[in-house]
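Given next are the chains, with one letter for each unit.
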Amino acid sequence: MTDEREPNTDAEEFAAADSDDGSEVDDESRTVAERNAERRDDDRRVTLAEFHDACQREGRPVLTAGAVARTLERPHESVSRDLDALADRGELERLSVSTDPVVWYPSELEDLTDRERVVVFPKRREIVVDRPDQFTRAQLSQFAHLADANGERGYRYVVRPEDVWQAPHESFDALARTMRQALGERSESLEEWVHSQWDRAHQFRLTTHEDGYTVLEAKSPEVMGNVARQKLDEDHVHAPISETEDWVREGSEAAIKRLLYEAGYPVQDHRDLDAGEALPIDLRVSLRDYQRTWVDRFAEAGEGVFVGPPGSGKTVAAMGAMAHVEGETLVLVPSRDLARQWADAVAEYTSLEPGQIGQYHGGRKEVRPVTIATYQIAGMDRHRSLFDDREWGLVIFDECQHVPSDVYRRSTHLQSRHRLGLSASPIREDDRQTEIFTLVGPPIGTDWQALFDAGFVAEPELEIRYVPWGDDEQRNAYVSAEGREKYRIAAQNRGKLEEVRYLLSSHPDSKALVFVDYLEQGREIADALGVPFLSGETPHHERRRLLEEFRRDERDLLVVSRVGDEGIDLPTADLAVVASGLGGSRRQGTQRAGRTMRPAGGALVYVLATRGSREEDFARRQLQHLGRKGMTVRERTLEPAEGE
Ligand SMILES: Nc1ncnc2c1ncn2[C@@H]1O[C@H](COP(=O)(O)OP(=O)(O)OP(=O)(O)O)[C@@H](O)[C@H]1O
């Protein structure tokens, strides 16, 4: 299911790394080459993990040096020496049996049955872990991101520059400690690389001068001259203050952060942020531990993006951030429905009175100490004053992967305020990630799997069902069609209706949502099932009524068009069937699946794809992404009905 690559052996990895190293030997580099040679020698020493491997391959917990040498394909003599060294360090036990050769076994025998094995591939900057425990996962997620997790064959983490840039550590030494704890031992070349990335992220910072203006500080005159002064011009900075300091033009902080980020030097933002007009706020709910950690990290930085699966409590944690800032707050959301839900939630979870909470959108225009506005309104010229009407101390961007660029542009002058983004989809297909990072802040997250394991969010089961064509006419049309038309025909395969019926009938007690991408198909399915079809064409009040009925359990089935992705916050469902919608972005897949990840009930997602069509490949790729998030993904190919 996933594109997990089989790890090479360590030896292959190092052999590959070797070809880069020390190939040019001149007088000066000889010492480097010698050092590398030594290190290679070190790296070739038998490690405890390799001993474990050997035991596993031999199927025995106790081995002779000869057996280890044979299994690992290493010289007997050096293996004996290495095993001695491991025993001296207390990692192996040695037992001499008279007349027989010495045998070796791990000091912790239980290691063999229930141990996590960490293999580092420094050159690819990948870490593969077998059965990592919670602690290891928490440590790893501080400097690497989970690229694959299929539960059976291990977790693959990759360390990207931005993972290091946003590591929540005070110093490189602290980060290195976390790495060593997670990896079990030191990986020198990975550490070197991480160190260089760490340095990059600590070359520049923005600070507030005692006279109130912003200063860009560089760590050295060289980096100021070679990087900042090459990338920035008089639009961004006034005259230099010193060799390492520039006086920043008001309002260009966001542009500076972006330019330097793109040059590979993310800027630390240490300005004194303006808390705006004071607004005392008490929380009426106690935050969960991970939410408290999010809020603490936000409090420390003054900015950031909470990244967690839907239903993981980002909205509630955002209120924790509001209570920390205690300033007037502007919340921007993608739709009116969400504005209303936010207003209700603020009233429920904080000490604020309803009269202090305003909504600002097509329906209502209230600007109050806490104002929730839609992106649509916030992007309109005639409503631009929204940003300046009050001294906002905090701006919250809900679903911040959707923030339209005009809203970003308009809110850049709010850079001096606290900024918080909320997102359930960390992965972007365009370059929004840079925008979010530089305009809002760095991601603050928790390993999703940890949230599933702790039971805060129910992990959905996902199944892709490959459905045969419903009739020959469509199949033939598909064969002769081209390009996007192929997707369209496959998406609307009439065979899917039967499959939807079947799935609904096999979950008779579930509250279900059926998603479609095409209005025509939505109407057909809704008609056939005798239920309403909710689309962009459904009047607003009608939409709300239907959703309310669904929430109150007065309805248990709705067919929803793509509008359900962006505009409205769908109620909790037990079952989601994605009948079409595989032509969109990866994010869409995540969000749809996410709708059923609410804590209640054993939520289940079925994605239908037409067998043998492009949809099939697409489904596989989209759901891989979910697999990487630690969900269980299953595939099932359905046979055509009799006679076809
Ligand atoms: N600390 C908490 N204590 C009790 N309940 C909580 C807490 N945090 C969140 N919840 C509950 O969990 C549910 C989901 O929370 P919330 O709406 O904040 O999640 P979310 O991550 O913002 O979801 P979405 O991404 O769908 O907007 C809500 O019903 C909320 O009441």
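Scroll up to find the structure this text is about.
Predicted model only: the values in this text are computed from it and were never measured. (Residues numbered from 1 in each chain as written. Predicted model: local features only at pLDDT ≥ 70, side-chain atom pairs only at ≥ 80, totals over all residues. Heavy atoms only, no water.)

**Things to note about the overall build of the protein**
- Looking only at helices and strands, the protein has 26 helices and 26 strands in total.
- Within the protein, contacts between residues separated by at least 24 positions form 69% of all contacts whose residues are at least 6 apart in sequence. (Helix = DSSP H or I, 4+ residues; strand = E, 2+ residues; numbered from the N terminus. Contact = heavy atoms within 4.5 Å.)

**Focus on the pattern of salt bridges**
- This model, assessed by the stated rule, comprises 37 salt bridges.
- In this structure, the salt-bridge partner of Glu-366 is Arg-364, at a minimum N-O distance of 3.1 Å.
- Judged by relative accessible area, which is 16%, Glu-366 ranks as buried.
- Ionic pairing is found between Glu-499 and Arg-465, a salt bridge with its closest N-O pair at 2.7 Å. Here the residue Glu-499 occupies a position in helix α21 (residues 495-506), and Arg-465 occupies one in strand β20 (residues 461-467), the gap between them amounting to 34 residues. An identical accessibility class is assigned to Glu-499 and Arg-465; each is buried.
- What emerges from the salt-bridge pattern is a single network uniting Glu-253, Lys-257, Asp-269, Arg-271, Glu-303 and Arg-419. (Salt bridge = Lys/Arg side-chain N within 4 Å of Asp/Glu carboxyl O. Buried < 20%, exposed > 50% of the residue type's maximum accessible area, 1.4 Å probe, protein only.)

**Focus on the sheet that holds strand β13 (residues 303-307)**
- Spatially, β15-β16-β14-β17-β18-β13-β19 is the arrangement adopted by the seven strands of the open sheet, whose pairing is parallel. The open sheet has two free edges, formed respectively by β15 (357-360) and β19 (443-445), since each of these has just one partner strand. The mean inter-strand angle of the sheet, taken between neighbouring strand axes irrespective of direction, is 20 degrees.
- Across the sheet, helix α12 (residues 289-301) touches β13, β17 (394-397), β18 (418-423) and β19, and the angle it forms with β13 is around 160 degrees. (Pairing = 2+ DSSP bridges. Axes fitted to C-alpha atoms, helices over the stretch in contact; angles between N-to-C directions.)

**So, the nonpolar core**
- One finds Phe-298, Phe-306, Met-322, Trp-342, Ile-372, Ile-396 and Leu-420 to be the most contacted residues of the largest nonpolar core, which totals 36 residues.
- Elements supplying a minimum of two residues to this core: α12, α13 (314-325), β14 (329-333), α14 (336-349), β16 (370-374), β17, β18 and α18 (448-453).
- Once residues within four sequence positions are removed from consideration, Ile-396 is found in contact with Ala-318, Met-322, Thr-329, Leu-330, Val-331, Leu-332, Trp-342, Leu-420 and Leu-422. (Core = buried A, V, L, I, M, F, W, Y, C linked by side-chain atoms within 4.5 Å.)

**Regarding the packing of aromatic side chains**
- Applying the stated criterion across every chain, the model contains seven aromatic pairs.
- Across from the ring centre of Tyr-265, 4.5 Å away, lies the NZ or CZ of Arg-200, which sits over that ring. (Phe/Tyr/Trp six-rings, centres within 6.5 Å; stacked < 30°, edge-to-face > 60°. Lys NZ or Arg CZ within 6 Å of the ring centre and 35° of its normal.)

**Observations concerning the packing of helix α4 (residues 65-72) against helix α5 (residues 76-88)**
- Interhelical geometry of α4 versus α5 gives an angle of 115 degrees and a closest axis separation of 9 Å. As for the relative orientation of α4 and α5, their crossing is right-handed in sense. Packed against α4, whose contacting residues are Ala-65, Gly-66, Val-68 and Ala-69, the element α5 presents His-76, Val-79, Ser-80 and Leu-83 at the interface.
- Here the residues of the contact of α4 with α5 sort into five nonpolar, three polar and no charged. (Left-handed = near helix turned anticlockwise from the far one by under 90°. Nonpolar A, V, L, I, M, F, W, Y, C, P; charged D, E, K, R; others polar.)

**A few points about the sheet that holds strand β9 (residues 214-218)**
- Here five strands make up an open sheet; going across it, the order is β10-β11-β9-β8-β12 and the pairing mixed. Either end of the sheet is taken by a strand with one partner, and the two such strands are β10 (237-242) and β12 (268-269).
- With three bridges joining them, β10 and strand β11 (residues 245-248) adopt antiparallel strand pairing. Across the sheet, residue Val-237 finds its bridge partner in β11, namely Val-248.

**Focus: the pairing of β16**
- Within β16, five of the five residues are buried, which leaves the element mostly enclosed by the surrounding structure.
- Here β16 shows a buried face lined by Val-370, Ile-372 and Thr-374 and a second buried face lined by Thr-371 and Ala-373.
- Relative to β16, β14 runs parallel, the two sharing five bridges. Within β16, the position partnered with Val-333 by the bridge is Thr-374.
- Two elements, β15 and β16, share four bridges in a ladder whose sense is parallel. Note that in β16 the partner of Ile-357 across the bridge is Val-370.

**A word on the packing of helix α19 (residues 472-480) against helix α20 (residues 483-491)**
- Interaxial distance between α19 and α20 falls to 9 Å at its minimum, and their mutual angle equals 165 degrees. By the criterion of interaxial angle, the relationship of α19 to α20 is roughly antiparallel. The two elements α19 and α20 cross, and the hand of that crossing is left-handed. On α20, the residues touching Gln-474, Ala-477, Tyr-478 and Val-479 of α19 are Lys-486, Ile-489 and Ala-490. (Parallel < 35°, antiparallel > 145°, perpendicular 65-115°, else oblique.)

**A few points about the environment of Arg-200**
- Looking at the secondary structure, you find Arg-200 in helix α9 (residues 188-200).
- Take Arg-200: its relative accessible area is 28%, and that puts it in the partly exposed class.
- Sequence-distant contacts of Arg-200, defined by excluding residues within four places in its chain, comprise Trp-165, Ala-263, Gly-264, Tyr-265 and Pro-266.

**Brief notes about the pairing of β18**
- With six of its six residues buried, β18 lies for the most part within the structure.
- The side-chain alternation of β18 yields two buried faces, one formed by His-418, Leu-420 and Leu-422 and the other by Arg-419, Gly-421 and Ser-423.
- Note: β13 against β18, five bridges, orientation parallel. The residue of β18 that forms the bridge with Val-307 is Ser-423.
- The sheet contact formed by β17 and β18 spans four bridges and is parallel. Counted as the bridge partner of Phe-397 is Gly-421 from β18.

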